[in-house]
Amino acid sequence: MAKLSLGVAFSGGGLKSFAQIATLYDLEKNNIDITAIAGTSMGSLIAALVAHGLSAIEIETMLLRLEEEFSNSKMLSRPSIKILPFSKDRIDGLIEHHDLKNFCEKIFEELNVKYLSDLKLPICINSVKLDSGEMVLFTNDKSYFTTDNFQSCYFYEKDIEIATAVAASCAFPFVFSTAHIDNERYVDGGCRLNCPVSLFIRNMVNKVLALTMVDRQSKEVITRATDVAIHSFNIMSAQLDEYALQEADVVFNVPIQSNYTFKFGKGNEVIAFSKNHLILNPIDYNKLMNKPFRFFNF
């Protein structure tokens, strides 16, 4: 039997993306190595940590600590006064982009890595140019990834700081202000592709595992303007991904309500729920390794 070459696509979803850690534990338990990684928004941060070589427990520990630090910073509870209409220097999000980027830089400084080229595994992170709508792919190895499945999509041709790429992919509209790279403005990669399945070159990875967090039975109460914006974005990204997910060999979905997206303090709850969900809905790795199949559990 040919050796499994596995690509994993990590979806965006803010705090909901913590659910993807359960699958990392499961891959380790089943002695399945990841060959290449793609990540969008918060999924790009997790993807970068995996690409650096951290274990599931190390990633869980780090993400929970970062969640606590971010919560203690009270960025979301103290939005910049610059967003008010009468401000001369009004920004385009509740949180300034450089605050997000600085937060990401501290993570990778601690790990002693700076550029995508410093990471051990092939990785691709997507973001979107605000003005043109073009999707831009940041990667350390173009031989594993492709732009062919999309119109108006191209590779960023230079090496780039991990924190810059992650922060650009995480620039969630209204919440984080747009990222600025080479005098261009960038927004969240989920605006065009929230689960980056279609970025893999399939003769480089013979299987692709897509990780999603879509709750199609949601009965959540939506009242605040931010809740409406977040829920609307999640509806859009889920619809955009429906076609892309057909390209995956395995889709493992953990149904988590959209109001958890920026519900800091609930990280442990999301991780515990996802671990239990995986126990109740196990992935059949024998089928994954022996023949093509799709495992949808929406």
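Residues numbered from 1 in each chain as written. Predicted model: local features only at pLDDT ≥ 70, side-chain atom pairs only at ≥ 80, totals over all residues. Heavy atoms only, no water.

(A) Local environment of the nonpolar core. Counting 76 residues, the largest nonpolar core has Phe-10, Leu-49, Leu-63, Phe-108, Phe-138 and Leu-209 as the members making the most contacts within it. Core analysis: the second largest hydrophobic core is formed by 23 residues, Phe-145, Val-197, Ala-248 and Val-251 among them. (Core = buried A, V, L, I, M, F, W, Y, C linked by side-chain atoms within 4.5 Å. Buried < 20%, exposed > 50% of the residue type's maximum accessible area, 1.4 Å probe, protein only.)

(B) Structural detail: unusual backbone geometry. With a phi close to 55 degrees, Ser-41 is a non-glycine residue in the positive phi region. In this structure, Asp-182 takes a positive phi of about 50 degrees despite not being glycine. With respect to the helices, strands and loops of the structure, Asp-182 is situated in the loop between strand S8 (179-181) and strand S9 (184-187). With relative accessibility at 47%, the residue Asp-182 sits in the partly exposed group. (Helix = DSSP H or I, 4+ residues; strand = E, 2+ residues; numbered from the N terminus.)

(C) The arrangement of the packing of helix H3 (residues 56-73) against helix H7 (residues 267-280) in detail. Relative orientation of the contacting elements H3 and H7 amounts to 150 degrees, with a least axis distance of 10 Å. When the axis of H3 is compared with that of H7, the two are roughly antiparallel. Note on element contacts: H7 touches H3 through Gly-267, Asn-268, Ile-271 and Lys-275, opposite Glu-60, Leu-64 and Glu-67. When grouped by side-chain class, the residues that make up the contact of H3 with H7 number two nonpolar, two polar and three charged. (Axes fitted to C-alpha atoms, helices over the stretch in contact; angles between N-to-C directions. Parallel < 35°, antiparallel > 145°, perpendicular 65-115°, else oblique. Contact = heavy atoms within 4.5 Å. Nonpolar A, V, L, I, M, F, W, Y, C, P; charged D, E, K, R; others polar.)

(D) Main features of the pattern of salt bridges. Taken as a whole and judged by the stated rule, the model has 11 salt bridges. We note a salt bridge from Glu-184 to Lys-129, for which the minimum N-O separation is 3.5 Å. In this pair, Glu-184 sits in strand S9 while Lys-129 sits in strand S4 (residues 123-129), placing the two residues 55 residues apart along the sequence. Across the pair Lys-142 and Glu-157 runs a salt bridge, and its minimum N-O distance is 3.1 Å. Note that Lys-142 is positioned in the loop between strand S5 (135-139) and strand S6 (153-155) and Glu-157 in the loop between S6 and helix H5 (162-169), a separation of 15 residues in sequence. Residue class for Lys-142 comes out partly exposed when judged on its relative accessible area of 41%. One network of salt bridges, with partners in common, ties together Arg-65, Glu-69 and Glu-110. (Salt bridge = Lys/Arg side-chain N within 4 Å of Asp/Glu carboxyl O.)

(E) Quick peek at the packing of aromatic side chains. Here the structure, examined in full by the defined rule, presents seven aromatic pairs. Taking the centre distance of 5.6 Å and the plane angle of 45 degrees together, the rings of Phe-145 and Phe-200 count as tilted. With Phe-145 in the loop between S5 and S6 and Phe-200 in the loop between S9 and strand S10 (207-212), this pair connects stretches of sequence that are 55 residues apart. Assigned by exposure class, Phe-145 and Phe-200 land together as buried. By way of ring pairs, the aromatic residues Phe-172, Phe-176, Phe-262 and Phe-264 are connected into one cluster. The side chain of Lys-263 reaches across the aromatic face of Tyr-260, ending 4.8 Å from its centre. (Phe/Tyr/Trp six-rings, centres within 6.5 Å; stacked < 30°, edge-to-face > 60°. Lys NZ or Arg CZ within 6 Å of the ring centre and 35° of its normal.)

(F) Just helix H2 (residues 42-52), in detail. Among the 11 residues in H2, 11 count as buried, and that is most of the element. Among the residues of H2, Met-42, Gly-43, Ser-44, Leu-45, Ile-46, Ala-47, Ala-48, Leu-49, Val-50, Ala-51 and His-52 are the ones counted as buried.

(G) Quick peek at H3. Here H3 is 18 residues long and its end C-alpha atoms lie 25 Å apart, about the 26 Å a rise of 1.5 Å per residue gives. Of the residues making up H3, those classed as buried are Ala-56, Ile-59, Glu-60, Met-62, Leu-63, Leu-64, Leu-66, Glu-67 and Phe-70. (Expected span 1.5 Å × (residues − 1).)

(H) Main features of the side chain of Ser-17. Looking at the secondary structure, you find Ser-17 in the loop between strand S1 (6-10) and helix H1 (21-29). Judged by its relative accessible area of 0%, Ser-17 is buried. Only 3.1 Å separates the side chain of Ser-17 from the backbone nitrogen of Gly-13, close enough to count as a polar contact. Once you skip the residues sitting within four places of it in the chain, Ser-17 turns out to touch Ser-11, Gly-12, Met-42, Gly-43, Ile-46 and Met-213. (Polar contact = N/O pair within 3.5 Å; in protein donor to acceptor, adjacent residues only side chain to side chain.)

(I) Spatial organisation of the environment of Asn-194. Mapping Asn-194 onto the fold places it in the loop between S9 and S10. Given the relative accessible area of 10%, Asn-194 is considered buried. Once the C-alpha coordinates of Asn-194 and Gly-39 are considered, the two residues, 155 residues apart in sequence, prove to be 8.3 Å apart. If we ignore the near neighbours within four places in the chain, the residues touching Asn-194 are Phe-10, Ser-11, Gly-12, Thr-40, Gly-189, Ser-237 and Asp-241. Polar contacts involving the side chain of Asn-194 include one to the main-chain carbonyl oxygen of Gly-12, which spans 3.0 Å.

Remember, this is a structural readout, not a statement about activity or role.
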